[in-house]
Amino acid sequence: MFKKGMRVLLAAAAVAPLLFSTAWAEGLITVIVNDPANPYWFTEGEVAKATAEKLGYTATVGAHKGDTNVESNLVDTAITNKSVAIILDPANADGSIGAVKKAVAAGIPVFLVNAEINQEGLAKAQLVSNNAQGAALGAQQWVEAVGDKGKYVELFGNPADNNAATRSNGYETVLTQYPDLVKAAKEVADWDRVKGRTKMQSMLQANPDIIAVISGNDEMALGAIAALKEAGKLDQVKVGGFDGSPDAVAAIKAGEMQYTVLQPVAVFSEAAVKQADSFIKTGKTGVDTEKQLFDCLLITKDNVDKYTAPFVLSE
């Protein structure tokens, strides 16, 4: 009886490694995002990781928090760990080129999400929101909410991220069509809620008669809302955001934010991993172009109930 039991245990022990290796036979995909403290980047990392695991890979998520040195170290780790692909939200349009080159030189395909680098032909794909389309969509809704005259201020994202300028330029294209809308100030708040609050406080002090705020993302907009609440002026100043974060959706429901422009981060994060999987298995991404734009969607009080999951709006 003892010997039979031992044989069963030994057989199970022999099979277990085989099952484990089969389950994870595809290899490691390294996902590198900006800062998961921001729900947008958290969702980006979690969706990419879950998609990779569903396809049979192991996956890890690291964060560079906008620091290109940290980003470079994370890429080094990915190379050391023999990653079969890297999904990267680049820290800097120019400064991240070196990290991508390093991975490519090591034979690891790189798939960029959310932000671009200023060089084509390195990454296998660059999947981003259609920021110009989203900015125009948001600015048109902003005018509808605010009206066509009065003073307003703008909160600008991180200058090292091309998305910040693309959105700001998109706002400008629409809003300059209304000569009685006057931009009283524009401040850089680096996509950050705390900085958004601080910059809003100073802009409000210098321009107490503003009627609206247009923001490059939801975190800065939520910071502005906090400052306006503290000043007792939220009922006089209308705020528009960009991202489609859960907190922005809650603010829309509460009547504190007029709208947000949803970036389909859950869609393109999943798509990036699927393209990586295709490339690993066939040598092709399955998509004709390196740069791929994903259209944004508008969330207002009229359709906010169709927001079914973080950064997902049902039809």
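Residues numbered from 1 in each chain as written. Predicted model: local features only at pLDDT ≥ 70, side-chain atom pairs only at ≥ 80, totals over all residues. Heavy atoms only, no water.

> Explanation requested: the overall build of the protein chain in the structure shown.
When you go through the protein chain residue by residue, the secondary structure sums to 10 helices and 14 strands. Each of the three principal axes of the protein chain carries a C-alpha extent, and together these read 85 × 45 × 35 Å. The buried share of the protein chain, reckoned over its 315 residues, is 48%. The long-range share in the protein chain, meaning contacts at least 24 apart out of those at least 6 apart in sequence, stands at 74%. Total accessible area on the protein chain stands at roughly 14300 Å², and carbon and sulfur atoms take up 55% of it. Considering the protein chain, the positive charge centre built from 29 side chains and the negative charge centre built from 37 side chains are found 7 Å apart. (Helix = DSSP H or I, 4+ residues; strand = E, 2+ residues; numbered from the N terminus. Buried < 20%, exposed > 50% of the residue type's maximum accessible area, 1.4 Å probe, protein only. Contact = heavy atoms within 4.5 Å. Areas by Shrake-Rupley, 256 points an atom, 1.4 Å probe, with all protein chains shown as cover. Lys, Arg positive; Asp, Glu negative; His and termini not counted. Charge placed at Lys NZ, Arg CZ, Asp CG, Glu CD.)

> Help me out: how do you make sense of the sheet that holds strand β9 (residues 238-243) in this one?
Adjacent strands of a sheet pair through backbone hydrogen bonds, lying either parallel or antiparallel. The 6 strands are arranged β7-β6-β8-β9-β10-β12 in an open sheet whose pairing can be described as mixed. What marks the edges here is a single partner per strand, and that holds for β7 (181-188) and β12 (297-299). Between one strand axis and the next, the sheet turns through 20° on average, direction left out of account. Of the pairings in the sheet, the one linking β9 to strand β10 (residues 259-262) comprises 4 bridges and is parallel in character. If you follow G240 over to β10, its bridge partner there is Y259. (Pairing = 2+ DSSP bridges. Axes fitted to C-alpha atoms, helices over the stretch in contact; angles between N-to-C directions.)

> Hey, could you run me through the packing of helix α3 (residues 68-80) against helix α4 (residues 97-105) in this one?
In a pair of packed helices, the angle between the axes and the distance between the axes together describe the arrangement. Relative orientation of the contacting elements α3 and α4 amounts to 10°, with a least axis distance of 9 Å. As summarised for this structure, α3 and α4 are arranged roughly parallel, according to the angle between their axes. Between α3 and α4, the contacting residues are E71, S72, V75, D76 and I79 on the first element and A99, K102 and A103 on the second. (Parallel < 35°, antiparallel > 145°, perpendicular 65-115°, else oblique.)

> Is there a simple way to explain the environment of M200 in this structure?
Note on placement: M200 falls in helix α7 (residues 193-206). Residue M200 is classed as buried on the basis of its relative accessible area of 0%. A C-alpha to C-alpha distance of 34 Å links M200 and L74, two positions 126 residues apart in sequence. In this structure, M200 is in contact with V153, I210, V213, A224, A227 and L228, ignoring residues within four places of it in sequence.

> Help me understand the packing of aromatic side chains, please; the structure alone is not making it clear to me.
What describes a pair of aromatic rings is the distance from one ring centre to the other and the angle between the planes of the rings. One pass over the full model with this rule turns up 5 aromatic pairs. Plain terms: the ring middles of F111 and F279 are 6.4 Å apart, the flat faces sit at 70° to each other, and that makes the pair edge-to-face. Note that F111 is positioned in strand β4 (residues 110-113) and F279 in helix α10 (residues 265-282), a separation of 168 residues in sequence. Through pairs of rings, three or more aromatic residues link up here, namely Y40, W41 and F311. (Phe/Tyr/Trp six-rings, centres within 6.5 Å; stacked < 30°, edge-to-face > 60°.)

> Would you explain the layout of surface pockets in this entry?
By rolling a water-sized probe across the atoms, one finds the places where empty space is left. Within this model, the largest pocket holds a volume of roughly 260 Å³. Taken together, 13 residues form the lining of the largest pocket, with N34, D35, W41, D190 and D192 sitting closest to its centre. The computed volume of the second largest pocket comes to approximately 200 Å³. In this structure, the second largest pocket is lined by Q141, E144, A145, I252, G255, M257, Q258, T300, K301 and D302. Tallying contributions element by element places helix α5 (residues 131-146) first for the lining of the second largest pocket, with 3 residues. Looking at side-chain class alone, the lining of the second largest pocket contains 3 nonpolar, 4 polar and 3 charged residues. (1 Å grid on protein atoms, 1.4 Å probe; cavity = no way out; pocket = protein on both sides within 12 Å on 5 of 7 lines; lining within 4 Å. Points joined across faces, edges and corners; volume = space filled by probe spheres on them. Nonpolar A, V, L, I, M, F, W, Y, C, P; charged D, E, K, R; others polar.)

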